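Summary of the model geometry
One-letter residues, chain by chain:
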Amino acid sequence: MRLGDPERAAHGTVGEMREGLTVAEAQELILEATPTLGAETIAAFEAADRVSAEAIGSTRRHPPADCSAMDGYAVRRSDLSGASRSSPVTLPVVFEVPAGGQATRTLAAGEAARIFTGAPLPPGADAVVRQEDTTALAGRGGGQVRIEVEPERRAHIRDAGEDFEIGDRLIEAGTRLGAAHLGVLASVGRTIVSVHQRPSVAILSGGDELVEPDRPADAGQIVSSNSYTLAAQCREIGARPVYLGIAADRPEAIEARLRAGLRADVIVSSAGVSVGDHDHVREVLEKVGCKLRFWGVLMKPGYPLAFGVIDATGTLVFGLPGNPVSTAVTFEEFVRPALRKMMGHRALHRPVIQATLSEALRKKPGRLHLVRVALAARDGRWVATPTHNQSSGVLTSMIRGQGLAVFPLEAEVLEAGARVAIQILDTGFFDQAQRGF
Ligand code: AMP
Ligand code: MG
């Protein structure tokens, strides 16, 4: 069955399958069909970047008691009114509260207690004077301390419960767990946490011309790179890639490899979904029980994209175009948001910034173009410059750029100096770019 011609690009329907969707329509259909995976319990120590499947409440008060934020002296402010460098007040140091210790008695009027950071404030004290604002004097017992400031009310005291109280809701379900979240989990005594599972992604390459990167390749062959790109794109967001190998351009070969992927949550195949005579992937997908939902997206790179769901297993199937840039970009636009939804993320898409285009771009209307651009910070603005060669076979154009400029479906020209939306692919880029501002 011939399901369509990309050049005709009609918004049509073939049976239940739609053809020639906009990027937004395709994303919507995919996300509708994508479930959020169930929960698993893991060590909080290993839970960075996972998404919490439970709400976390506090079973503790933190800090558990009023405590000192400084090394110094616990005092009563009424003893120190008017104290200054020129008229210091000297108090006897009657006891000491070490970190991890407890006050042995109440602080009475006219007394000071030596105290260390994190130690509980003795009853009776209402301020802490920093060690730097005092001079220790020898004397009987703990000696004496000369204090040269009048402390503010509750100076250098951390209030009991100022971080959280018992019963406080600290982390909502659906939260991405970052470093501080895991520290908060630890501080309420949680060493295990329930998070959404990470999807397994079976990666299949297809084509008689392909050879694995570690094999000799003659002039008629192409080194298969897509599986490496796709595996890294999966890993970047915490999905679990499994490699199914290269399938030859024969239906039986593709079917055998695809069946090996049926236990995965997602199958991503690259190449073999356009209308070439040797493109059997769609036909085989139907044979293994995959209901195709759509084929063809009005974008460049990447028209020939197929999406379906395998009835028996619920496995999502993405048939991506084979050209390396098309594969990488269609993964970004369609597979990545679905994988993130599976993992429980609420933010599914890459961040978008506005940038100034450094040179004009032209195209025919009818497809959305995603143009690889290099970003630079100039005079407090981002400037986007298209990378040298926008061919969908030139993968180095993605190394040289950090983002994709969105050239809208019906637009024909974007002038130099125009403001354009840029999807940021390389978020590590910001680490280096900060100095530009
Ligand atoms: P196809 O979708 O089969 O027409 O492939 C489109 C182009 O992508 C062809 O030039 C293929 O050689 C190339 N291609 C397909 N699969 C891969 C792959 N795994 N790695 C690198 N290039 C590929
Ligand atoms: Mg091919």
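Provided above is the structure to which this section pertains.
Residues numbered from 1 in each chain as written. Chains lettered and ligands numbered in written order. Predicted model: local features only at pLDDT ≥ 70, side-chain atom pairs only at ≥ 80, totals over all residues. Heavy atoms only, no water.

Turning next to the packing of helix H1 (residues 23–33) against helix H6 (residues 324–342). One can describe the packing of H1 onto H6 by two numbers: an axis separation of 10 Å at closest approach and a directional angle of 30°. By the criterion of interaxial angle, the relationship of H1 to H6 is roughly parallel. Here H1 runs over H6; the crossing is right-handed. Within the contact between the two elements, H1 uses Val23, Ala26, Gln27, Ile30 and Leu31 and H6 uses Glu333, Phe334, Pro337, Ala338 and Lys341. (Axes fitted to C-alpha atoms, helices over the stretch in contact; angles between N-to-C directions. Helix = DSSP H or I, 4+ residues; strand = E, 2+ residues; numbered from the N terminus. Parallel < 35°, antiparallel > 145°, perpendicular 65-115°, else oblique. Left-handed = near helix turned anticlockwise from the far one by under 90°. Contact = heavy atoms within 4.5 Å.)

So, about the site of ligand 1. Not every one of the 13 residues close to ligand 1 is listed here, only the nearest: Glu209, Ser224, Ser225, Asn226 and Gly322. Measuring from a nitrogen atom of ligand 1, one finds a backbone N or O atom of Ser225 at 2.9 Å. A distance of 3.3 Å separates a nitrogen atom of ligand 1 from a polar backbone atom of Asn226. When isolated, ligand 1 has an accessible area of 490 Å², and the protein chains bury 79% of it. (Near = heavy atom within 4 Å. Polar contact = N/O pair within 3.5 Å; in protein donor to acceptor, adjacent residues only side chain to side chain. Areas by Shrake-Rupley, 256 points an atom, 1.4 Å probe, with all protein chains shown as cover.)

Let us look at the pairing of strand S20 (residues 290–297). A large share of S20 lies buried, amounting to 6 of its 8 residues. Relative to S20, strand S2 (residues 17–21) is paired through 3 bridges, and the arrangement is parallel. Bridged to Glu19 within S20 is Trp295. The pairing of S20 with strand S22 (residues 306–310) spans 5 bridges and is antiparallel. When the bridges of S22 are listed, Cys290 appears paired with Ile310. (Buried < 20%, exposed > 50% of the residue type's maximum accessible area, 1.4 Å probe, protein only. Pairing = 2+ DSSP bridges.)

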